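Here's the letter readout for the chains.
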Amino acid sequence: MAVRLIVSDIDGTLVGKSGKVSERTKNAFRECEKKNIPVVVASGRTFFGARNLALEAGLNAPIISANGGRCDMDVTGENAPVYEDTLDKDTSMAVYNRLKKAGCFMTSYVGKKIYVLNETNGFGSTCAWKSEAVKGLDYVFMDDEELFLKEGTIAPYKYEAYSDDKNLMDELRNDFLKMGLSVSSAFPFNLEIMPAGGGKAKAIRALSEKMGITMDEVMTIGDGSNDLGMIEVSGVSVAMGNAVEALKKAAKIIAPSVEDDGAAIMIEKYALLEEN
């Protein structure tokens, strides 16, 4: 069956060490546009974080952000999202209190922003400086816990927890899974805590239904464990050569690594039907 929609992760999939989308990948996107095949970025980033990359890559298609918590139909973000998946008030507070007790660095994704509460009780672990927080992109840093509770805990798409302590991260993962929440990781030192059943796959299903496209006609490309859901539900599933092992086992196709333009090569071969 022909590919009618491509959904790709960003970091480790479209973007490698350079932080840029390669010219070969941009050209593949242009060819997809000629064939009316939308290329959607699906990222753990905020809307603006994902949108900026999409614009740099020359894309003007729907944006899936916050690890599937939000879907906008275009890169302007001027209209209300067509899909949102948020934590209810009680669950949000339960997650917040557990992370605060654990003393790990945490963020919450609300709307188009990321809220960060600056505290000294372990928040700000050295591993956090490996995260996007250092870029200041879409982040709201605050020292006022009352303000954070007022703004950063209301209908979040997800919480992120960061810690260098692997045992603590494993413990937190188990606790949140017992609560029935969805938990994944974009990096070895982080957790992404979302509503039950949440993630990129849920957002892609909602988007494809709106576009009149079946999941068999969707091609997904990723590298991290937070891409596992979308890899499992798409007709053409691609794991990057640099992907985690769980994703490689679940995917139908293994691409070359991000540094070798693996995403572009797979788009050319399976969506544009060009032999390389």
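For the structure, see preceding data.
Residues numbered from 1 in each chain as written. Predicted model: local features only at pLDDT ≥ 70, side-chain atom pairs only at ≥ 80, totals over all residues. Heavy atoms only, no water.

A. Here's a closer look at helix α9 (residues 262-271). The buried count for α9 comes to 8 of 10 residues, which makes it a mostly enclosed element. Turning to α9, its buried residues number three or more, namely Gly262, Ala263, Ala264, Ile265, Met266, Ile267, Glu268 and Ala271. Packing partners of the buried residues in α9 comprise β1 (5-8), α1 (23-34), β12 (218-222), β13 (236-239) and β14 (253-254). Immediately beyond the C-terminal end of α9, within one or two residues, lies Leu273, with a positive phi of roughly 55 degrees. (Buried < 20%, exposed > 50% of the residue type's maximum accessible area, 1.4 Å probe, protein only. Helix = DSSP H or I, 4+ residues; strand = E, 2+ residues; numbered from the N terminus. Contact = heavy atoms within 4.5 Å.)

B. Seen up close, the layout of surface pockets. Space inside the largest pocket adds up to approximately 600 Å³. What lines the largest pocket is a set of 33 residues, and nearest its centre among them are Ser185, Ala186, Phe187, Pro188 and Asp223. Mapped by element, the contributors of at least two residues to the lining of the largest pocket are β9 (158-162), α5 (166-178) and β11 (190-194). Of the residues forming the lining of the largest pocket, the biggest block, 4 residues, is contributed by α5. Tallied by class, residues from the lining of the largest pocket come to 10 nonpolar, 10 polar and 13 charged. (1 Å grid on protein atoms, 1.4 Å probe; cavity = no way out; pocket = protein on both sides within 12 Å on 5 of 7 lines; lining within 4 Å. Points joined across faces, edges and corners; volume = space filled by probe spheres on them. Nonpolar A, V, L, I, M, F, W, Y, C, P; charged D, E, K, R; others polar.)

C. A look at the sheet that holds strand β4 (residues 70-72). Strand order across the open sheet formed by 8 strands is β5-β4-β3-β2-β1-β12-β13-β14, with mixed pairing between neighbours. Across the chains shown, the open sheet's two edge strands, defined by having one partner strand only, are β5 (83-84) and β14. Of the pairings in the sheet, the one linking β1 to β12 comprises 4 bridges and is parallel in character. By the bridge assignment for β12, Leu5 is matched with Val218. (Pairing = 2+ DSSP bridges.)

D. Layout of the nonpolar core. By size, the foremost hydrophobic cluster in this structure holds 35 residues, and its most contacted members are Ile6, Phe29, Val41, Met219, Ile221, Val238 and Ile267. Elements with a contribution of two residues or more to this core: α1, β2 (39-42), α2 (47-56), β12, β13 and α9. Ranked by residues supplied to this core, first place goes to α9 with 6 residues. When neighbours within four sequence positions are excluded, Val238 is seen to be in contact with Met219, Thr220, Ile221, Gly222, Ile231, Ala251, Ile253, Ala255 and Met266. Core analysis: the next-biggest nonpolar cluster, separate from the first, contains 21 residues, Val110, Phe148, Met169 and Leu191 among them. (Core = buried A, V, L, I, M, F, W, Y, C linked by side-chain atoms within 4.5 Å.)

E. Quick look at the packing of aromatic side chains. Scanning the model with the defined rule gives 3 aromatic pairs in all. On the basis of an interplanar angle of 35 degrees and a centroid distance of 6.1 Å, the ring pair of Tyr162 and Phe189 is categorised as tilted. Taken together, the residues span a long stretch of sequence, with Tyr162 in strand β9 and Phe189 in the loop between β10 (182-184) and β11 at a distance of 27 residues. For Tyr162, a relative accessible area of 2% corresponds to the buried category. (Phe/Tyr/Trp six-rings, centres within 6.5 Å; stacked < 30°, edge-to-face > 60°.)

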